[in-house]
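Observations on chain architecture
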Amino acid sequence: MKFGILINEGPYNHQAADTAYQFCKAALDKGHEIDRVFFYHDGVNNATKLTEPPQDDRHIVNRWSKLAEEHGVDLVVCVAAGLRRGIVDDNLAAGFRISGLGQLVESGIRSDRVVTFGD
Amino acid sequence: MTESTGGIEMEEDMSGTVKKFAFINRKAPYGTIYALESLEVVLISAAFDQDVSLVFADDGVYQLKKGQATKAVGMKNFSPTYRALEGYDIEKLYVEKSSLDERGLTPDDLIVDVEVLDSAEMAALLEEQDVVMSF
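Quick summary incoming for the structure in this document. (Residues numbered from 1 in each chain as written. Chains lettered and ligands numbered in written order. Predicted model: local features only at pLDDT ≥ 70, side-chain atom pairs only at ≥ 80, totals over all residues. Heavy atoms only, no water.)

So, the sheet that holds strand β4 (residues 115-117) of chain B
The strands making up a sheet are joined through hydrogen bonds of the backbone, oriented either antiparallel or parallel. Residues and elements named next belong to chain B. Judged by pairing direction, the sheet is parallel, and its five strands sit side by side in the order β4-β3-β2-β1-β5 without closing on themselves. Looking at the sheet topology across the chains shown, the edges are occupied by β4 and β5 (131-134). Taken pair by pair, the neighbouring strands of this sheet meet at an average axis angle of 25 degrees, ignoring direction. For strand β1 (residues 20-25) and β5, the ladder comprises four bridges, and the chain directions are parallel. Counted as the bridge partner of isoleucine 24 is serine 134 from β5. (Pairing = 2+ DSSP bridges. Helix = DSSP H or I, 4+ residues; strand = E, 2+ residues; numbered from the N terminus. Axes fitted to C-alpha atoms, helices over the stretch in contact; angles between N-to-C directions.)

Some details on the sheet that holds strand β4 (residues 96-99) of chain A
Residues and elements named next belong to chain A. One open sheet holds the five strands; their spatial order is β4-β3-β2-β1-β5, and the pairing between them is parallel. Looking along the sheet, the strands with just one partner apiece sit at the ends: β4 and β5 (113-117). Taken pair by pair, the neighbouring strands of this sheet meet at an average axis angle of 25 degrees, ignoring direction. The pairing of strand β3 (residues 75-78) with β4 spans four bridges and is classified as parallel. Bridge pairing in β4 places cysteine 78 opposite serine 99. Each of β1 (2-7), β2 (33-39) and β5 is contacted by helix α1 (residues 16-29), which is oriented at about 170 degrees to β1, the strand it contacts most. Packed on one face of the sheet, helix α4 (residues 102-110) meets β1, β2, β3, β4 and β5 and runs near 155 degrees to β2. (Contact = heavy atoms within 4.5 Å.)

Remarks on the nonpolar core
Of all hydrophobic cores here, the largest spans 66 residues; its most connected members are A:Val37, A:Trp64, A:Phe96 and B:Tyr82. No other element matches α1(A), which puts seven residues into this core. For B:Tyr82, the contacting residues outside a window of four places in its chain are B:Ala35, B:Leu39, B:Phe56, B:Gln63, B:Leu64, B:Ile111 and B:Val112. (Core = buried A, V, L, I, M, F, W, Y, C linked by side-chain atoms within 4.5 Å. Buried < 20%, exposed > 50% of the residue type's maximum accessible area, 1.4 Å probe, protein only.)

Overview of unusual backbone geometry
Positive phi is not limited to glycine here, since A:His41 has a value of about 50 degrees. Mapped onto the elements of the fold, A:His41 is located in the loop between β2 and α2 (60-71). You can call A:His41 buried: its relative accessible area is 1%. Although it is not a glycine, B:Asp49 adopts a positive phi angle of roughly 55 degrees. Mapping B:Asp49 onto the fold places it in the loop between α1 (34-47) and β2 (51-56).

Concerning the interface of chain A and chain B
When the parts come together, some accessible area is lost, and that loss is often what is quoted as the size of the interface. With 25 residues of chain A at the contact, the number on the chain B side is 29 residues. For the pair chain A and chain B, the summed buried surface comes to about 2,200 Å²; carbon and sulfur atoms form 58% of the total. Applying the counting rule to chain A against chain B returns three salt bridges. With a closest N to O distance of 3.0 Å, A:Arg85 and B:Glu37 form a salt bridge. The element contributing the most residues to the side of chain A that touches chain B is α4(A), with eight residues. A breakdown of the residues in the side of chain A that touches chain B according to their chemical character gives nine nonpolar, nine polar and seven charged. (Buried area = accessible area lost by both parts, 1.4 Å probe. Salt bridge = Lys/Arg side-chain N within 4 Å of Asp/Glu carboxyl O. Nonpolar A, V, L, I, M, F, W, Y, C, P; charged D, E, K, R; others polar.)

Shown next, in the form of structure tokens:
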């Protein structure tokens, strides 16, 4: 099955980013396809390379980057939501790209299921 | 159509695909940004010629409340945008009945015409959707 993923909450502040990541991992392990992960609202904060959690904590941003590197998952940050929150190309972590909301709708059209992770 | 896709070419087999999209709005209009940014997704979806429905439930019904006065809190009143949705061919607006009742609201309190659905009817509406996004 092909999944589109929508993440609406920021990392560390909310479980959504963790659950979405675990969902993506599990789906890929089972042979499903992740069409795209779209970061919206405070979810765009998953994409900043300035993130530096304590060493004994999970690194949510690097975890996404690794997922993109290993599985070619398309990580898309909403440009408008990103600009509001200071997420721009200069501080974008590896594997992410910035694009428009059309990418979310497009993924909805293309995927078998869209799963929202948020509040 | 392609100019709305963020500069990325759409795959050929997608052209002409029309899916049923439902956007569920559950949050009050100003305490958080969900309502405003949800509206931005809705407007973009119109450019893709999809079959769009908007659902308002829980505190989301306040998004449609008449007489929003936001000046004192320094927020932009974006409620007139809901009235403009018709111009984007987005005409299916549904409000969950108990959410209205619990807040002492009636359809007369809302700035747009809506269809009021009870929870069973709402479940049936969502059941027939292809894509549901919840904000």
